[in-house]
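Understanding the architecture of this molecule
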Amino acid sequence: MQTQSKQKLLHAAFIIAAMLTTITAQAAEIVVDQHNKTFVVEGNKVEAITINAGDTLRFRNDDPFFHNIFSLSDLKTFDLGSFPKGQSKTVTFDKAGMAEVECAIHPEMYMEVTVK
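Residues numbered from 1 in each chain as written. Predicted model: local features only at pLDDT ≥ 70, side-chain atom pairs only at ≥ 80, totals over all residues. Heavy atoms only, no water.

**Section: the sheet that holds strand 10 (residues 110-115)**
- The strand order 4-10-9-6-7 describes an open sheet built from five strands, whose pairing is mixed. Each edge of the sheet is formed by a strand with only one pairing partner; in this case those strands are strand 4 (48-51) and strand 7 (77-83). Taking each pair of neighbouring strands and ignoring which way they run, the sheet shows an average axis angle of 20 degrees.
- Summarising the sheet, strand 6 (residues 67-72) and strand 7 pair through five bridges and their orientation is antiparallel. Directly across from Leu 72, in strand 7, lies its bridge partner Thr 77. (Pairing = 2+ DSSP bridges. Helix = DSSP H or I, 4+ residues; strand = E, 2+ residues; numbered from the N terminus. Axes fitted to C-alpha atoms, helices over the stretch in contact; angles between N-to-C directions.)

Put into C-alpha cells, the structure is as follows:
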C-alpha cells in the first residue's frame, strides 16, 4: 500500500512538472524597439499589442538618446529606468489584463499592452 502511494505521488509530481515545462516553453519574448520616439514591433509602429500571459517584452532602445519605459497600471507596475541606445530591458507579464506603457522622457510614446 505504501508503494502505491509513493507511485501516485511521483506520478502527480511528474504531471505537474510536465505542465510547468509546457507553460514555460510556450512563453514568448517579443522585442519592442524604441525608434524615432515610437514603439516598433517587427518594423511596424505600434500603439497596441496583444500578448499571452507569461510573455516577456524586451524594450530595446534604437534611438540616439535615452528612454525610460514605465507603467503605473494595476496589471503591471514597473519603471525600467533610463537606458541609452543599444541597451534593452525586459518585463514579463504574468496575468491577463491591460497595461498602459509610456516613456517618462517622451510623453508622446504610449502603447497599450493587452495580456490574454
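**Re the sheet that holds strand 1 (residues 29-35)**
- In spatial order, the strands read 3-2-1-5-8; together these five strands make up an open sheet with mixed pairing. Every other strand in the sheet has two partners, leaving strand 3 (44-45) and strand 8 (88-92) as the edge strands with one partner each.
- Summarising the sheet, strand 1 and strand 2 (residues 38-41) pair through three bridges and their orientation is antiparallel. Across the sheet, the residue bridging to His 35 is Thr 38, located in strand 2.

**Thoughts on the packing of aromatic side chains**
- Taken as a whole, this structure holds two aromatic pairs when the rule is applied.
- Aromatic side chains Phe 39 and Phe 59 sit 6.1 Å apart centroid to centroid with 70 degrees between the ring planes, which places their arrangement in the edge-to-face category. Linking Phe 39 in strand 2 with Phe 59 in strand 5 (residues 56-61), this pair joins segments that are 20 residues apart in sequence. For the residue pair Phe 39 and Phe 59, the accessibility class agrees, reading buried in each case.
- With a centroid separation of 6.2 Å and 85 degrees between ring planes, the pair formed by Phe 78 and Phe 93 is classed as edge-to-face. Taken together, the residues Phe 78 in strand 7 and Phe 93 in the loop between strand 8 and strand 9 (97-103) connect sequence positions 15 residues apart. (Phe/Tyr/Trp six-rings, centres within 6.5 Å; stacked < 30°, edge-to-face > 60°. Buried < 20%, exposed > 50% of the residue type's maximum accessible area, 1.4 Å probe, protein only.)

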